[in-house]
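The residues making up each chain are set out below.
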Amino acid sequence: MLELRGSYRFASPDIIHEVFDGECVILNLASGTYYALSVSASRLIESLLQGTAIENLATLHGPAYQCDDVEAFFEKLVTLGLIMPTSTLESPGHAISDTLRLKSKSWPDRPTIEVFDDLADLILADPIHDTDEAVGWPTMANTKERAA
Amino acid sequence: MAHDGEYQGASRLRSLPMSPARFSTSNPVRFQQIDRANLLPFVEWAMDRAWEAVTLRKPQATTLHLPSLEVSLLTDNEHYQQIVGDRLCHHASGAQKNGITVAVLSREDSEMPLPPVWGESIYHPREIEKQLSDTPFRATYFHDDGLWQIYDVHQRFGLQWMSGKFRHPPWEAGAPLRVFLHWAYQTLGHRLVHAGSLGKGGRGILLVGKGGSGKSGTVVGGISCGLRSVGDDYVLVQMNENRPTAYPLFQTLKQDLKGLQRLELEHLLGPTRHANWQNKYELKSEDIGQPLADRLAIGAIVIPHITGGPKSSFHPLSRSHAMLALAPSSLMQLPAERDSGVRFFSNLIRSVPCFQLNVGTDPHEISDTISALMERRYQCS
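Owing to the predicted nature of the structure, the values given are computational and were not obtained by experimental measurement.

This next bit is on the overall build of chain A. A tally of regular secondary structure across chain A gives five helices and six strands. Taken from N to C terminus, the helices and strands of chain A fall in the order β-β-β-β-α-α-α-β-α-β-α. When each of the 148 residues of chain A is scored for burial, the buried share is 49%. For chain A, the accessible area works out to roughly 7100 Å², and carbon and sulfur atoms hold 52% of it.

Set out below in structure tokens:
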């Protein structure tokens, strides 16, 4: 049972998203972490950011996913620190439109979010080095070995 | 690259609308350690000091002709002058260009003191970016070498303040002035993109992906088989009515010994081989085949994927995947302007189709596959 209630937004202005052909990507410009969302997850977060109440979205289900999957997805967003509540008693979040409920039946996959943190060390390191050489420029492989 | 006999950089500086109050006498404020609390006054003070230093000393001025941009480099640091001369591409001047001035200064070759160090607080690039976003300044600090790079977007004046004439990050040698070019081109709506490139007949593709994904190897192999490139690591991209065009900024290509052996190019290293900080060897396009192209009209974004299989192939890739292969490293490896970068990269990704290239083992077969993709793309368009 989802304990989250009301409307939500991204937890920081550093967190931004773009949608390409229905697929959402999220970038945290402060941490360097970035995320790839499945099609259904992309639809859910778009609806959430438009003000639909999270507990209403958690009632959605279709042939490819269950309500439990939606709940797990939103809980993951909270755990990752990506969203925070914005609702008040006066503005608890919207109901689900009939159109959204109808379209949600044809979403092709489970709502999932893939996390990529290979660049996070690059951003959080102080100084900006000591990270994996495979990340590439400007990470430093080994300060002591480099030429004078 | 043209070496100016007369001090044209100073005349450009004199023509800039500088405030007499800002650029007049020595500011007595001293900065021992920098943190977020004194960052802005420090940056203003540093730019004042840099202006005084170039006015007093009149360092050697070198004019660099780049795509849509003319850079006046002011420095008596011969080491850095040589790096710039060897690595940056020269574009024929002609069309009116935007001009910036960059002073590369240290205590050894100017009136500048040692640069102050960053203090005890955590240095977080995003916080620095946000703190300076409402000012004309952009700044970044590299801890290991005590290096400050500061740029004033209004005055179009940059300062690279070094603690010694050799004290710069190792990657700076392969792509000198890259941070200033990033800031200057951003104001023009263009962007440095972390990508390799290959093309033919003025048209081409951008190869994107993490370090080690095969960008450079594919580029070097492609050039050796007759394709053209505008760079293997960072290229300049301009969007004209949603049509991207890539231009070269840096001449050097990089490849490790194993890659050169695989491409049968090891002989190019000669007897005095010297690997860079990534244990890679720097080459120029003309050493392998033809020189870098002046530009490539970009028709596709391609993510290379080394399979180990003998045959190369393409398959369409979602734009979201391509965005995640392109944008994060381009955004995070260059300081500041990340929000505008997301918009730029989104537009770039939406403007062309995206593919995954499963890279085979034969460079000729790989190049033929890339050529076939480009030809199909352009027949369809």
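Structure's up, so let's keep going.
Residues and elements named next belong to chain B. Along the chain, Phe-42 falls in helix H2 (residues 39–57). Residue Phe-42 is classed as buried on the basis of its relative accessible area of 0%. Excluding its chain neighbours within four sequence positions, the residues that come into contact with Phe-42 are Phe-31, Ile-34, Pro-116, Trp-148, Ile-150 and Trp-161.

Residue and element names in this part refer to chain A. Here four strands make up an open sheet; going across it, the order is S2-S3-S4-S6 and the pairing antiparallel. Looking at the sheet topology across the chains shown, the edges are occupied by strand S2 (15–20) and strand S6 (113–116). Mean inter-strand twist for the sheet, computed between neighbouring axes without regard to direction, equals 20°. By the bridge criterion, three bridges tie strand S3 (residues 23–28) to strand S4 (residues 34–37) in an arrangement that is antiparallel. In the strand pairing of S4, Val-25 is matched with Ala-36.

Residues and elements named next belong to chain A. Look at helix H3 (residues 67–79): 18 Å from first C-alpha to last across 13 residues, which is about the 18 Å you get at 1.5 Å a residue. The complete set of buried residues in H3 reads Asp-69, Val-70, Glu-71, Phe-73, Phe-74 and Leu-77. Where H3 is buried, its residues touch S4, helix H1 (39–49), helix H2 (54–57), strand S5 (83–85) and S6. Positive phi shows up at Gly-81, right after H3, with a value of about 75°.

How each quantity is defined
Residues numbered from 1 in each chain as written. Chains lettered and ligands numbered in written order. Predicted model: local features only at pLDDT ≥ 70, side-chain atom pairs only at ≥ 80, totals over all residues. Heavy atoms only, no water. Helix = DSSP H or I, 4+ residues; strand = E, 2+ residues; numbered from the N terminus. Buried < 20%, exposed > 50% of the residue type's maximum accessible area, 1.4 Å probe, protein only. Areas by Shrake-Rupley, 256 points an atom, 1.4 Å probe, with all protein chains shown as cover. Contact = heavy atoms within 4.5 Å. Pairing = 2+ DSSP bridges. Axes fitted to C-alpha atoms, helices over the stretch in contact; angles between N-to-C directions. Expected span 1.5 Å × (residues − 1).

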